[in-house]
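# Architecture and fold: a report
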Amino acid sequence: QQVSSPIMLTIGESISFNNGIYWDLGGRRVGSGLLPPHVGEETEYLVIWSLPQSTGNFDSIMISASLPPQVDFVSEMDTQEGNLEFDIETRSITWSIEDFTNTILPVTSSFLVKLTPEEDNLGQAMTILNTSTVNASGMEEVIVTSKAIKTSDVVSDSSSPIGIVE
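Rules of the game
- Residues numbered from 1 in each chain as written.
- Predicted model: local features only at pLDDT ≥ 70, side-chain atom pairs only at ≥ 80, totals over all residues.
- Heavy atoms only, no water.
- Helix = DSSP H or I, 4+ residues; strand = E, 2+ residues; numbered from the N terminus.
- Buried < 20%, exposed > 50% of the residue type's maximum accessible area, 1.4 Å probe, protein only.
- Contact = heavy atoms within 4.5 Å.
- Patch = residues over 30% accessible without salt bridge, like charges linked within 9 Å, V, L, I, M, F, W, Y side chains within 5 Å.
- Areas by Shrake-Rupley, 256 points an atom, 1.4 Å probe, with all protein chains shown as cover.
- Salt bridge = Lys/Arg side-chain N within 4 Å of Asp/Glu carboxyl O.
- Lys, Arg positive; Asp, Glu negative; His and termini not counted.
- Charge placed at Lys NZ, Arg CZ, Asp CG, Glu CD.
- Pairing = 2+ DSSP bridges.
- Phe/Tyr/Trp six-rings, centres within 6.5 Å; stacked < 30°, edge-to-face > 60°.
- Axes fitted to C-alpha atoms, helices over the stretch in contact; angles between N-to-C directions.
- Core = buried A, V, L, I, M, F, W, Y, C linked by side-chain atoms within 4.5 Å.

## Some thoughts on the environment of Asn83
Mapped onto the elements of the fold, Asn83 is located in strand 9 (residues 83–87). Under the relative-accessibility criterion, Asn83 is labelled partly exposed at 46%. Residues Asn83 and Met62, 21 residues apart in the sequence, show an inter-C-alpha distance of 9.6 Å. Once residues lying within four places of it in the same chain are set aside, the contact partners of Asn83 are Thr94, Trp95 and Ser96.

This is how it looks when you write it as structure tokens:
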């Protein structure tokens, strides 16, 4: 049973950011559709962004990422602090916490995305979420970018390959 995030960034010594995409979480199914994804079929995944700890003095935090062409935003699930917004024109998701100094950590924001592979994606791992950028500003300003998350990075209870499109 794997419940850890695929990607964790520590920005200097001052803030930590976890970026994970889940099919199963803590033994519970949180995704829907086929796993591995199939051409022409929708597969939904749960994305969880979290800020587990911070030792820096930041006034605001903004985390953003854009969606690749075959991925669509479905809905926000739960945002504990700040606002999560999806811009349909730029296809970008942004989680902003304006009053970060009064935020009690850890905090998370979660949302659903759906992937619909096309014929030319057959036999490949696909990107579900492009690079995520964390911008923390206050006494200092820190900007860090994480790697893109692919179908092969998804957390699942399955022991068989789940990331290659069929």
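## Thoughts on the environment of Phe86
With respect to the helices, strands and loops of the structure, Phe86 is situated in strand 9. Here Phe86 falls in the partly exposed class, since its relative accessible area comes to 26%. On a C-alpha basis, the gap between Phe86 and Leu67 in space is 10.0 Å, while along the polypeptide they are 19 residues apart. Residues contacting Phe86, with those up to four places away along its chain left out, are Leu67, Phe73, Arg91, Ser92 and Ile93.

## Some thoughts on a negative patch on the surface
Residues Asp59, Glu81, Glu98 and Asp99 make up a contiguous surface patch of negative charge. Within the fold, Glu98 resides in the loop between strand 10 (92–97) and strand 11 (107–115). With relative accessibility at 63%, the residue Glu98 sits in the exposed group.

## Focus: the pairing of strand 6 (residues 43–51)
Burial within strand 6 is extensive, with 8 of its 9 residues counted as buried. Relative to strand 6, strand 5 (residues 32–33) is paired through 2 bridges, and the arrangement is antiparallel. Within the sheet, the bridge partner assigned to Ser32 lies in strand 6 and is Glu44. Both strand 6 and strand 11 contribute to a ladder of 9 bridges, which runs antiparallel. In the strand pairing of strand 11, Glu44 is matched with Lys114.

## Notes on the packing of aromatic side chains
Across all of its chains, the model carries 5 aromatic pairs by this definition. Seen in terms of ring centroids, Phe17 and Trp49 are 6.3 Å apart; in terms of plane orientation they differ by 65°. Their pairing is edge-to-face. Taken as a pair, Phe17 in strand 2 (residues 15–22) and Trp49 in strand 6 lie far apart in primary sequence, 32 residues in all. Exposure class is identical for Phe17 and Trp49. Each is buried.

## Re the sheet that holds strand 14 (residues 141–145)
Taken together, the 5 strands give an open sheet; going across it, the order is 9-10-7-13-14, and neighbouring strands pair in antiparallel fashion. Looking at the sheet topology across the chains shown, the edges are occupied by strand 9 and strand 14. This sheet shows a mean twist of 15° between the axes of neighbouring strands, independent of strand direction. Pairing of strand 7 (residues 58–66) with strand 10, which is carried by 6 bridges, proceeds in the antiparallel orientation. What sits directly across from Met62, in strand 10, is Ser96.

## Examining the nonpolar core
Core analysis: the biggest nonpolar cluster contains 34 residues, and Trp49, Leu51 and Ile61 have the highest contact counts within it. Secondary structure elements with two or more residues in this core: strand 2, strand 6, strand 7, strand 10, strand 11, strand 12 (127–129), strand 13 (132–138) and strand 14. For Leu51, the contacting residues outside a window of four places in its chain are Ile15, Ser16, Phe17, Ile61, Ile63, Trp95, Ile97, Phe100, Leu105, Pro106 and Val107.

## Some thoughts on the pattern of salt bridges
Per the stated rule, a full pass over the model turns up 3 salt bridges. The shortest N-O distance in the salt bridge between Arg91 and Asp72 comes to 3.6 Å. Here Arg91, found in the loop between strand 9 and strand 10, pairs with Asp72, found in strand 8 (residues 71–79); they are 19 residues apart in sequence, far enough to count as distant. Here Arg91 falls in the partly exposed class, since its relative accessible area comes to 22%. When the shortest N-O distance is used, the salt bridge between Lys147 and Asp153 registers 3.1 Å. For Lys147, a relative accessible area of 47% translates into the label partly exposed.

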